[in-house]
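Observations on the three-dimensional arrangement
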Amino acid sequence: MIFLLWLCWGFSLTSGQEDSELLARYLEEKLMVNSNFPDHVAHRVPRQSRFLQRLETRPRMAEFTVKSTIISRYAFTTVSCTMVNSGSEAKEGTFEMQIPAAAFISNFTMIIGDRIYHGEVTEKEKRTSSQDKERDNKHSGPTDGGENGMETFKASGTIPRKTQAIFTLHYEELLQRRLGKYEYTVSIRPQQLVGRLRVEVNILENSGIISLEVLPLQNSKQRGIKKVIDDISPPPSTVIGQTKTLAKVTFSPNVVQQTQIARNGILGDFIVRYDVNRELSVGDVQILNGYFVHYFAPQDLPPLPKNVVFVLDSSASMVGTKLRQTKDALFTILKDLRPEDHFNIIGFSDRIKVWQQDHMMPVTPTNIRDAKKYIHSISPTGGTNINEAVQTSAKLLNNYIAQNDIDARSVSLIILLTDGRPTVGETLSSKILSNTKETIREKFCLFTIGIGNDVDYKLLERMSLENCGMMRRIQEEEDAAAQLKGLYDEIGTPLLSDIRVDYPKDSVEQVTQNLFPNYFNGSEIVIAGKLIERNSGKLHVEVTASNANKYILLKTDVAIDAPSKNDIRGSPGMEDGKEAQNYAERAWSYLTIKELLTSWLKSDDSEEKEHLMNKAKSLALTYNFITPFTSLKMKELQADLPKKDHASPSTEGTGEKVQSLQGHKAPPGVPKQPDKQRIKISRTSADGDPHFVIDFPSSKLAVCFNIDGQPGDILRLVSDHNESGITVNGQLIGAPAPPNGHKKQRTYFSTITILSNKPERSYVEITPTKVILDDGERLILPCDRRAMVGSRGLEVSIFANSNVTVAIQGTISFVILIHQYKNPAPYQRNHLGFYISNSKGLSPQSHGLLGQFLYHEVKLTQASLGGSPQLASQNSTEEPNPRPVTMLKVKGRLVPVVWKQRKIYNGEQQVDCWFAKNNADKLIDGDYKDYLAAHPFDTGTSFGMANRL
């Protein structure tokens, strides 16, 4: 299924990394220029022009990050994508992410400047009968569905010029164990080179982690292939760290490494595989906060004999590669059959061809040789009679089971492979389903495999689900032989049959499926439920099963009052909020909803389907999951209102290293007051519309000026990149002017970005709602809570809803005031004010709108019309005579000024200052447009370009 969100936004520019982003642009353009494009032959343009045209065509992806937290096989994943439109006009930006079909999306969020749009899970609107019919007639494509497939989440929107959009997607899944390994897959397909690309996977398994590995990046053609390849090393830049119970895997290729992997930005699937230690034969039972999850995966048991019928589509559409690959896979599978197994082969088109009529053949060298000859002789022709093929194979197995009385001593399977829809014989899906169920009668399992785009996957999925099997889908470009062999490897070694897991009825409730027909080696059985009484001390567990002629009974008591084993609080890398800390409850809700969806899909009774749908819907709404019965609607969160706690990971939850730094909460009913903190600051500042104030302590006077910039402009306030390593940039947002005012519009600072290049590169980005600190690890803090964090000489202190102080190396400090309105007028915007508190660490070479005056003094002079200037008293506080022209001497220039009063620091201080008109003409070096930065992380030194000033 494809989720499409169409939104038009006004974004504010906040993140990215200057050097890597520009290098990504440059490399992508170089690769484009060096490619052969026939359309460009007739119309050649200069390389520089093509480079600029390329940069204007689409927004740049400045950052693409994925963070996953896996706790006891349950994975929380957050994908964050930052797209920047640095062009001169609005452009459409598209965020597209492939996620596992088995996963549930739990949230989608956009942060737009100081505004947050939060996804709210709501009940899906009911469809009309005609819409349902139209939907059912559409077969699912190869990227939708199947527990092994991928789904595509897509969101697009128009991004205004010089602004940015941040997309944050959260999803959850329970990892399935296959072939003895858990496999976590994340799609890395940004479709362009990314300045900052990072994947981080944190794993916590209290039973112990074994056999951790990271596979080479895989594309869709390689997905699921288990064959040995030459290069089995992890992707470049991968770092793996592991202890007994914890593991951390990171992948952060720079743009050069990205180009070596894929020039188009489609890197592939990043795959982490691991398994856990198993000591208890009854399995691993984890109990946390009133919920339990039971993982059962026994090993070292003798395999059960199996009776398997391979049912192969040999219709005309299988001609070529598909049939050849299917034959190759069967040749390999026949070699893996055990001497105690029995098998047969059926080819079907519009006719049914059975290799050995009415017999299940034992595995002998002669029978294997004859079977290969039969497979080799199969040729594609005719239509597709799925119904008759399944009926014939089921009758074969039923007769063999009845005649040999082996039902309890072996496992019987049908493996069906097809690339089309039923076209011959019975073609009605409902009839095929009922015929299959009636013939199999729960005596054995049916596994189905579909190849390509013209398959009725819904029919194959339901045939499998109703008969204790599973479905696999193979895309056109995938290796069918590898997929068929992969499925057989998963089910080729049955260890147990008729498994039953029991718990005392007075101890648990709402337990998920606890009866299973088979257990295959390398897989896992998972059961979850709720505890009725948390203080009972222990939970009794019993597992019964059959293994050939043996009856197996396993018992144990699990302690309930020992939460420390499963409590993740304080574990390194697990700082992702209460959602992850309550993973057992999330896993229970996930499994329960999955089972309700399966039961709904299998049911033919309208009342039962309605009941199942309502239960699944209610649970999905409670846990914020996107399911076939729920949908996602975007809702703006007001900055002055307390945000609701969501059960799913929050906007900056699982996907970022977020610390929950709680401040003191006001009692109910008492309005929350800003956490005011009196800080000693200088008057040198940029605040309001924006109004600039320069304090000259030695001259005992202050100078002020305005900058009438445009919304989206980024002003360089302090520039000392080459000396102290400090750069401060501020981005403007626009607002209508007040009625009867002389201005057409107002502008305010929506974002202040402070970059520090020494001793290591880091930055702090401040908006009215959040603070982002990135010193190699990204940390996001809300502005409505008091917090303090320090790292590598950089200290950030947040005083809730009041101000943010940034101190660098103990010699530089800035104060950013937070201006928020509970009921803003149309011309008001939440904004920031920037104040320099300590400038001792900035060098005399500092520049910028504020920085250029830090080491200069001024003199105030007066001149009559046509007269010579005379030195005026610098201590005069009286308003000068309006007749003479008052001049300010700065850097050898004379600037006409007038006396004004300004209020700063939320109006708490009043400043008498001399005002320079016309955008500080002659006061500042050059023109104010010389202080416009290309993006918030621009230090004026990109690609060796010197500052124009």
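Every chain is numbered on its own, with residues counted from 1 as its sequence reads. Per-residue local features are limited, in this predicted model, to residues with pLDDT of at least 70; the limit for side-chain atom pairs, both in listing and counting, is 80 or more; totals at the level of whole chains, interfaces and linings are taken over all residues. The side-chain figures draw on all heavy atoms in the structure; neither hydrogens nor water molecules are used.

**Points about the packing of aromatic side chains**
The condition that has to hold: To pair, rings of Phe, Tyr and Trp, with the six-membered ring standing in for Trp, must have centres within 6.5 Å; the planes then decide the type, stacked if under 30 degrees apart, edge-to-face if over 60, and tilted in the middle. A run of H or I in DSSP counts as a helix once it spans at least four residues, and a run of E counts as a strand once it spans at least two, with each numbered from the N terminus. Buried, partly exposed and exposed residues are distinguished by accessible area as a fraction of the type maximum, computed with a 1.4 Å probe on protein chains only: under 20%, between the cut-offs, and over 50%, respectively. The rule for a charge over a ring is simple: NZ of Lys or CZ of Arg within 6 Å of the ring centre, and within 35 degrees of the ring normal.
This structure, assessed with the given rule, holds 23 aromatic pairs. Geometrically, the ring pair formed by Phe292 and Tyr503 is tilted, given 4.9 Å between the ring centres and 55° between the ring planes. With Phe292 in strand 17 (residues 291-296) and Tyr503 in the loop between strand 25 (494-502) and strand 26 (508-509), this pair connects stretches of sequence that are 211 residues apart. Neither Phe292 nor Tyr503 differs from the other in exposure class; each is buried. Grouping aromatic residues by their ring pairs yields a cluster made of Tyr74, Phe76, Phe104, Tyr590 and Phe625. The lysine or arginine in question, Arg73, covers the ring of Tyr295, its NZ or CZ lying 3.9 Å from the ring centre. Note that Arg473 overlies the ring of Tyr457, its terminal NZ or CZ placed 4.0 Å from the centroid.

**Considering the confidence of the model for the protein chain**
Selection rule: A residue's pLDDT is the predictor's confidence in that residue, given on a scale from 0 to 100. What makes two residues a contact is simply this: any of their non-hydrogen atoms within 4.5 Å.
Per-residue pLDDT for the protein chain has a mean of 79; in total, 78% of the residues score no lower than 70. In this model residues 222-230 is a low-confidence stretch, pLDDT under 50, and it forms 18 contacts with partners more than four residues away in sequence or in other chains.

**Observations regarding the nonpolar core**
Counted only if it meets this: For this analysis, a nonpolar core means a set of buried residues of the types Ala, Val, Leu, Ile, Met, Phe, Trp, Tyr and Cys, connected via side-chain atoms within 4.5 Å.
Counting residues in hydrophobic clusters, the biggest one holds 55 residues, and the most contacted among them are Phe692, Leu717, Val806, Phe814, Phe834 and Leu923. Counting residues per element, this core draws most heavily on strand 44 (residues 812-819), which supplies 4 residues. Leaving out residues up to four positions away in the same chain, Val806 has contacts with Ile754, Val764, Ile766, Leu794, Glu795, Val796, Ile812, Ser813, Phe814 and Ile816. The next biggest cluster of nonpolar side chains, apart from the first, holds 48 residues, and it includes Phe95, Ala103, Ala155 and Leu632.

**Quick notes on the sheet that holds strand 16 (residues 284-288)**
For clarity, the cut-off: At least two DSSP bridges between two strands are needed for those strands to be called paired.
Spatial strand order, 16-17-28-26: 4 strands in an open sheet with antiparallel pairing. Each end of this open sheet is capped by a strand with a single partner; those strands are strand 16 and strand 26. As judged from the 5 bridges shared by strand 16 and strand 17, these two strands associate in the antiparallel manner. Bridged to Leu288 within strand 17 is Tyr291.

**Focus on the state of the cysteines**
Definition in use: The disulfide definition used here is simple: a pair of cysteine sulfur atoms within 2.5 Å.
On inspection of all chains with the given rule, the structure shows 2 disulfides. Paired through a disulfide, Cys445 and Cys468 show a sulfur-sulfur distance of 1.9 Å. What sets the handedness of the Cys445 and Cys468 disulfide is the S-S torsion sign, and at about -110° it is left-handed. Highlighted residues: Cys445 in strand 23 (residues 445-451) and Cys468 in the loop between helix 9 (457-465) and strand 24 (471-474), separated in sequence by 23 residues. A relative accessible area of 33% means that Cys468 is categorised as partly exposed. Each sulfur of the disulfide joining Cys704 and Cys913 lies 2.2 Å from the other. Here Cys704 and Cys913 share a disulfide; its torsion about the S-S bond, 70°, makes the bridge right-handed. Residue Cys704 is found in strand 34 (residues 701-706), and its partner Cys913 is found in strand 50 (residues 909-916); the two are separated by 209 residues along the sequence.

**Looking at the sheet that holds strand 12 (residues 209-214)**
Backbone-to-backbone hydrogen bonds pair the strands of a sheet. The strands run either parallel or antiparallel. Here 4 strands make up an open sheet; going across it, the order is 9-10-15-12 and the pairing antiparallel. Two strands close off the open sheet at either side, each with one partner strand: strand 9 (177-178) and strand 12. Here strand 9 pairs with strand 10 (residues 181-188) via 2 bridges, running antiparallel. Bridge pairing in strand 10 links Arg178 to Lys181.

**Details of helix 5 (residues 321-336)**
Stated formally: One less than the residue count of a helix, multiplied by 1.5 Å, gives the span that helix is expected to have.
Helix length check: helix 5 (16 residues) gives 23 Å between terminal C-alpha atoms against 22 Å at 1.5 Å per residue, within 8%. Taken residue by residue, helix 5 has Lys322, Leu323, Gln325, Thr326, Lys327, Ala329, Leu330, Ile333 and Leu334 as its buried positions. Structurally, helix 5 contributes buried residues whose contacts are with strand 18 (306-313), strand 19 (342-348), helix 6 (365-377), strand 22 (411-418), strand 23 and helix 10 (480-491).

**Describing the packing of helix 7 (residues 386-404) against helix 8 (residues 429-440)**
What counts is decided by this rule: All axes here are fitted lines through C-alpha atoms, helices being fitted over the stretch that makes contact, and every angle between N-to-C directions spans 0 to 180 degrees. Here roughly perpendicular refers to angles of 65 to 115 degrees, roughly parallel to angles under 35, roughly antiparallel to angles over 145, and oblique to all remaining angles. Gly is placed with the polar residues, together with every amino acid not listed as nonpolar (Ala, Val, Leu, Ile, Met, Phe, Trp, Tyr, Cys and Pro) or charged (Asp, Glu, Lys and Arg).
Between helix 7 and helix 8, whose axes approach to 9 Å, the crossing angle comes to 5°. Classified by the angle their axes make, helix 7 and helix 8 are roughly parallel. The residues of helix 8 that touch helix 7, namely those facing Asn387, Val390, Gln391, Ala394, Lys395 and Asn398, are Ile432, Asn435, Thr436, Thr439 and Ile440. By residue class, the composition of the contact of helix 7 with helix 8 is 4 nonpolar, 6 polar and 1 charged.

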